[in-house]
Amino acid sequence: VLLKYTTSGRLKWKYVLATARYDSFSAVAADTGGNAYVTGQSGGNVGVGTMVTVKVDPYGKRVWQRSIAGLGISYSGRFIKVKGSAVYVGGELYKWHIWPVAAKYSLTGKRLYAWTPGGHVSTVDDMTVDAKGRVVLVGTFQTSLGGGQITTAWVDLLTGDGSGLAASGMYWAD
């Protein structure tokens, strides 16, 4: 559910996304026109779910809804940013491991790209967008080296058009 309140704290409207399965919103952003953008998961079930992103107008009416899904894979939107004329969504997909996901939509709902790397990670912890429209995703990766487990930090910087990585790195403390 997405709720809008007046400045005095009175409920103005609510927007509900409801399927026959698990649905949730994880993040919300707004543009200068008062539109709200939310992302999360729709139609979730054990091991399966759709990453959903919705634009709601200033009066609580859905303008558009977009989904990213795959057979037997669970997607979930966790972060959303509105920057300029675009909506950026970050999250994760799960199929035996976690992979970061990034998507970019126009304000009218056209999907401009959806991206995921070739390798898996342990967590996707945050997302931001720089002034050039490049998406930065960060998180952790756990691996075992020798006899013990090591947790490293990773960062991926996507090109502005989403065509691939502009930079990627892993960092660890010893």
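About the thresholds
Residues numbered from 1 in each chain as written. Predicted model: local features only at pLDDT ≥ 70, side-chain atom pairs only at ≥ 80, totals over all residues. Heavy atoms only, no water. Helix = DSSP H or I, 4+ residues; strand = E, 2+ residues; numbered from the N terminus. Rg over C-alpha atoms; globule rule 2.2 N^0.38 Å. Buried < 20%, exposed > 50% of the residue type's maximum accessible area, 1.4 Å probe, protein only. Contact = heavy atoms within 4.5 Å. Areas by Shrake-Rupley, 256 points an atom, 1.4 Å probe, with all protein chains shown as cover. Lys, Arg positive; Asp, Glu negative; His and termini not counted. Charge placed at Lys NZ, Arg CZ, Asp CG, Glu CD. Pairing = 2+ DSSP bridges. Phe/Tyr/Trp six-rings, centres within 6.5 Å; stacked < 30°, edge-to-face > 60°. Salt bridge = Lys/Arg side-chain N within 4 Å of Asp/Glu carboxyl O. Polar contact = N/O pair within 3.5 Å; in protein donor to acceptor, adjacent residues only side chain to side chain. Patch = residues over 30% accessible without salt bridge, like charges linked within 9 Å, V, L, I, M, F, W, Y side chains within 5 Å.

Engineer: Can you walk me through the overall build of the protein chain in this structure?
Structural biologist: When helices and strands are tallied, the protein chain shows 0 helices and 14 strands. In sequence order, the protein chain lays out its α and β elements as β-β-β-β-β-β-β-β-β-β-β-β-β-β. A globule of 174 residues ought to have a C-alpha radius of gyration of about 16 Å, and the protein chain, at 17 Å, matches this closely. With the C-alpha coordinates of the protein chain rotated into their principal frame, the extents come out at 55 × 40 × 35 Å. Buried positions account for 43% of the 174 residues belonging to the protein chain. Considering only intrachain contacts with a sequence separation of at least 6, the fraction spanning at least 24 residues in the protein chain is 35%. Accessible surface for the protein chain amounts to roughly 9400 Å². Of this, 54% is attributable to carbon and sulfur atoms. In the protein chain, 18 positive and 10 negative side-chain charges are present, and the distance between their average locations comes to 12 Å.

Engineer: Looking at this model, I keep getting lost on the environment of Gly-9. Mind explaining?
Structural biologist: Along the polypeptide, Gly-9 turns up in the loop between strand 1 (2–5) and strand 2 (11–15). Gly-9 gets classed as partly exposed once you look at its relative accessible area, which sits at 48%. Through-space distance from the C-alpha of Gly-9 to that of Ser-85 is 30 Å; in sequence the pair is 76 residues apart.

Engineer: Please explain the pairing of strand 8 (residues 86–94) as it appears in this structure.
Structural biologist: It is a general feature of regular strands that their side chains alternate between the two faces of the sheet. In terms of burial, strand 8 is largely enclosed, as 8 of its 9 residues are buried. The sheet contact formed by strand 7 (residues 74–83) and strand 8 spans 9 bridges and is antiparallel. By the bridge assignment for strand 8, Lys-81 is matched with Tyr-88. Between the antiparallel neighbours strand 7 and strand 8 lie 2 residues, among them Gly-84 with a positive phi of about 60°. Sheet analysis places strand 8 next to strand 9 (residues 98–106), joined by 9 bridges and oriented antiparallel. By the bridge assignment for strand 9, Val-89 is matched with Ala-103.

Engineer: Quick question: what am I supposed to make of the packing of aromatic side chains here?
Structural biologist: We describe a pair of aromatic rings using the distance from one ring centre to the other and the angle between the two ring planes. Going through the model one piece at a time under the given rule, you end up with 2 aromatic pairs. Centre to centre, the rings of Tyr-37 and Trp-64 are 6.2 Å apart; their planes meet at 55°, and the pair counts as tilted. With Tyr-37 in strand 4 (residues 36–45) and Trp-64 in strand 6 (residues 62–68), the pair connects residues that are 27 residues apart, well separated along the chain. With relative accessibility at 0%, the residue Tyr-37 sits in the buried group. Between Trp-64 and Tyr-105, the aromatic rings sit 5.7 Å apart at their centres with planes inclined by 40°, giving tilted as the arrangement. Here Tyr-105 lies in strand 9 and Trp-64 lies in strand 6, a separation of 41 residues in the sequence.

Engineer: I'm lost on the side chain of Lys-55 in this one. Help?
Structural biologist: Within the element layout of this structure, Lys-55 appears in strand 5 (residues 48–56). No salt bridge is formed by the buried Lys-55, whose closest oppositely charged neighbour, Asp-31, lies at an N-O distance of 4.6 Å. Polar contacts involving the side chain of Lys-55 include one to the main-chain carbonyl oxygen of Leu-107, which spans 2.9 Å. Once residues within four sequence positions are removed from consideration, Lys-55 is found in contact with Asn-35, Ala-36, Tyr-37, Lys-61, Arg-62, Val-63, Trp-64 and Leu-107.

Engineer: Explain a nonpolar patch on the surface here, please?
Structural biologist: Together, Val-1, Leu-3, Tyr-5, Leu-11 and Val-16 line one region of the surface with nonpolar side chains, adding up to about 460 Å² of accessible area. In this structure, Leu-3 sits in strand 1.

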